[in-house]
Amino acid sequence: MSVTSGSKVEVRLPSRLGFEKVAMSTAAGMAKLMGFSDDRIEDLKTAVAEACINAMEHGNQMNASIPVSVILSMKPDELEVKVMDNGTGMQTPAPTPDIDRKMTGEEEARGMGMFLIQALVDEAEWVPSAGNDEQSFVRLVIRMNKESE
Amino acid sequence: MSVTSGSKVEVRLPSRLGFEKVAMSTAAGMAKLMGFSDDRIEDLKTAVAEACINAMEHGNQMNASIPVSVILSMKPDELEVKVMDNGTGMQTPAPTPDIDRKMTGEEEARGMGMFLIQALVDEAEWVPSAGNDEQSFVRLVIRMNKESE
Amino acid sequence: MQTANKVLQQQLTCASGQQITCLRFSGDISSASKDAVVGTYQALDKASNKRILLDFKGVEYLNSSGIALVIQVLMEASKSGQTIVICGLTPHFTKVFTMVGITKYATLFSDEAAALSSL
Amino acid sequence: MQTANKVLQQQLTCASGQQITCLRFSGDISSASKDAVVGTYQALDKASNKRILLDFKGVEYLNSSGIALVIQVLMEASKSGQTIVICGLTPHFTKVFTMVGITKYATLFSDEAAALSSL
Ligand SMILES: Nc1ncnc2c1ncn2[C@@H]1O[C@H](COP(=O)(O)OP(=O)(O)O)[C@@H](O)[C@H]1O
Ligand SMILES: Nc1ncnc2c1ncn2[C@@H]1O[C@H](COP(=O)(O)OP(=O)(O)O)[C@@H](O)[C@H]1O
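Since the structure is predicted, the reported quantities are computational estimates derived from the model, not experimental observations. (Residues numbered from 1 in each chain as written. Chains lettered and ligands numbered in written order. Predicted model: local features only at pLDDT ≥ 70, side-chain atom pairs only at ≥ 80, totals over all residues. Heavy atoms only, no water.)

1. Comments concerning unusual backbone geometry
Residue and element names in this part refer to chain A.
Here's step 1: A positive phi angle is found at Gln 61, which is not glycine, with a value near 50 degrees.
Here's step 2: Along the chain, Gln 61 turns up in the loop between α2 (38-59) and β2 (68-75).
Here's step 3: Relative accessible area serves as the criterion here: at 60%, Gln 61 is assigned to the exposed category.
Here's step 4: In this structure, Asp 77 is a non-glycine residue whose phi angle is positive, near 60 degrees. (Helix = DSSP H or I, 4+ residues; strand = E, 2+ residues; numbered from the N terminus. Buried < 20%, exposed > 50% of the residue type's maximum accessible area, 1.4 Å probe, protein only.)

Below, the structure written as structure tokens:
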């Protein structure tokens, strides 16, 4: 099938845990439309879920009335996803979880979201808010015919 | 599970055939979150697809740069979906297809979308544009613990 | 953004011993499927293909424009005295086909085996 | 908007003849699942439940907060000398569990039968 690039889909969710699953469905639908394989779609779903949860928690401070925007852009042979929140944002790179330190309690059990995002997609970039009314976002890219590792 | 009412999800699609499948995924994700059964979710998916296709074709004249907006609102025990376009709109009721007339060629084979929408959801209402910059829309409702027929 | 359809064509034998031509659809059946649905049907010789089974088992997405193409096939088949039977629809689309009245002109079977054994 | 978890608890016998306690999760495993995952584990007597199988077969959604709860169980089990094995993960989540290093502290089996036959 031919991919029509230049097409954008935007979905806006309340900052309420559970709604990241709606964004997962939208992202999966878009990736399927572009012809991505089921395993790449699973990678994308997890990355999108983690990015939405972080946007809700750390960006929008779980204020349900502040939406998380997810912008899905079809490009030739790749899908770009921006997950935007109203916080000040984060910079790449993500912390790598250390299971040994987690097991001894030196590191919190949680704190794997950004690592998973980076590990599962082909590109992940965190862009802090540029000030004013600019939103902070994480930008993910999955490419056709690429494995995640 | 408890349904958190008052939550809205909005998805915007280009007016390009095929993208109605992305709206179907979003609507299915939202209905699943609310705890709707799989067969009700199938009803909703078909109704949302038909409404999006009509919004693209008849409302936005297949101009890919005009988005179709789908607003999904959780209410206590029901999910409301508004599919909005930039056309002048339509009024309820939908024409009922007559298979006998279709078989003789007296009626076009196509023209079943609005009928299916009405038949598959618990409420369907077409609201024409109120003029100015108001969008026209179809408003669908599916309720918990209701069969479609 | 609409997928191209592959249609598989196969000759099957019914329980009665009669031959039936099976058209197996896959992917999306929508307004972009005119060639796949109507075209494939029209390419069949009307005299030697008196019974046709439309199998929707592999279909992932079906909308009203796709159903309109099925109705067009029913219409042409009815004119040329061919019998159409349908199988492989999900329970949801069995309901939808029934709602639009297709069951007046074609019998729906749950799957291929059910279709073959009662023909 | 997060589903409550049902956790089924069951005593199974391994190929070696040893007993194993199976915790079968379902629905979503996320930040809302602390009671289901950590709570259910902590309610087990540590002396009489030396081997525990965590079965994710019925799980529809799993995120990093849910995985953190699994790590918390692994940590407590390691301190009290219990062995944890895991089964029923999809290929995707098998990959994810491997990525975060869980395989250093728990063996992953494709399904219950595979787990029981090698223990
Ligand atoms: N969208 C965001 N806005 C601001 N800070 C963020 C955002 N996403 C992640 N962070 C920061 O990065 C840290 C690590 O995130 P993550 O790896 O997902 O783990 P967790 O969310 O479990 O802490 C977070 O604790 C937070 O401080
Ligand atoms: N969103 C809309 N805006 C304007 N007109 C519409 C809209 N939806 C439906 N219609 C009108 O109603 C008619 C019947 O629609 P439908 O039953 O879906 O069949 P079809 O789209 O195949 O013609 C359309 O042909 C169109 O004239």
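Moving on from the coordinates now.
2. Side note on helix α1 (residues 20-34) of chain B
Residue and element names in this part refer to chain B.
Here's step 1: Here α1 spans 21 Å end to end across 15 residues, near enough to the 21 Å set by a 1.5 Å rise per residue.
Here's step 2: Counting buried positions along α1 yields 14 of 15 residues, so the element is predominantly enclosed.
Here's step 3: Just beyond α1, the residue with positive phi is Gly 35, at close to 95 degrees. (Expected span 1.5 Å × (residues − 1).)

3. Focus on the sheet that holds strand β3 (residues 51-62) of chain D
All names here are of chain D.
Here's step 1: Taken in spatial order, the five strands line up as β1-β2-β3-β4-β5 in an open sheet, and their pairing is mixed. Either end of the sheet is taken by a strand with one partner, and the two such strands are β1 (8-13) and β5 (107-109). On average, each strand axis in the sheet is inclined to that of its neighbour by 30 degrees, with strand direction left out of account.
Here's step 2: For β1 and strand β2 (residues 19-29), the ladder comprises six bridges, and the chain directions are antiparallel. Bridge pairing links Leu 8 to Arg 24 in β2. (Pairing = 2+ DSSP bridges. Axes fitted to C-alpha atoms, helices over the stretch in contact; angles between N-to-C directions.)

4. A closer look at the interface of chain C and chain B
A common way to state how big an interface is: give the accessible area lost once the parts meet.
Here's step 1: Contact residues are listed per partner, giving 24 residues for chain C and 28 residues for chain B.
Here's step 2: With both sides pooled, the region where chain C packs onto chain B buries about 2,300 Å², and carbon together with sulfur makes up 66% of that total.
Here's step 3: For the pair chain C and chain B, the interface holds three salt bridges.
Here's step 4: For the salt bridge of C:Lys104 with B:Asp100, the shortest nitrogen-to-oxygen distance reads 2.7 Å.
Here's step 5: The interface formed by chain C and chain B holds nine residue pairs in polar contact (both at pLDDT 80 or more) in total.
Here's step 6: For the side of chain C that touches chain B, the secondary-structure elements that each account for two or more residues are α2 (64-79) and α3 (91-99) of chain C. (Contact = heavy atoms within 4.5 Å. Buried area = accessible area lost by both parts, 1.4 Å probe. Salt bridge = Lys/Arg side-chain N within 4 Å of Asp/Glu carboxyl O. Polar contact = N/O pair within 3.5 Å; in protein donor to acceptor, adjacent residues only side chain to side chain.)

5. Thoughts on the environment of B:Asn60
All names here are of chain B.
Here's step 1: Tracing the backbone shows Asn 60 in the loop between α2 (38-59) and β2 (67-75).
Here's step 2: A relative accessible area of 1% places Asn 60 in the buried class.
Here's step 3: Each C-alpha atom of the pair Asn 60 and Pro 14 lies 9.7 Å from the other, and the pair is 46 residues apart in sequence.
Here's step 4: The contacts of Asn 60, once residues within four sequence positions are left out, are Ser 15, Ala 55, Ile 66, Pro 67, Val 68, Asp 85, Asn 86 and Gly 87.
Here's step 5: At 3.4 Å, the side chain of Asn 60 and the backbone oxygen of Ile 66 are in polar contact.

6. Things to note about the sheet that holds strand β3 (residues 51-62) of chain C
In a beta sheet, neighbouring strands are held together by backbone hydrogen bonds and run either parallel or antiparallel to one another.
Residue and element names in this part refer to chain C.
Here's step 1: Spatial strand order, β1-β2-β3-β4-β5: five strands in an open sheet with mixed pairing. Sheet topology places β1 (8-13) and β5 (107-109) at the edges, where each strand pairs with a single neighbour. In this sheet, adjacent strand axes meet at a mean angle of 30 degrees when their direction is disregarded.
Here's step 2: Against the sheet, α2 makes contact with β2 (19-29), β3 and β4 (83-87), and its axis sits at roughly 150 degrees relative to β4, the strand it touches most.

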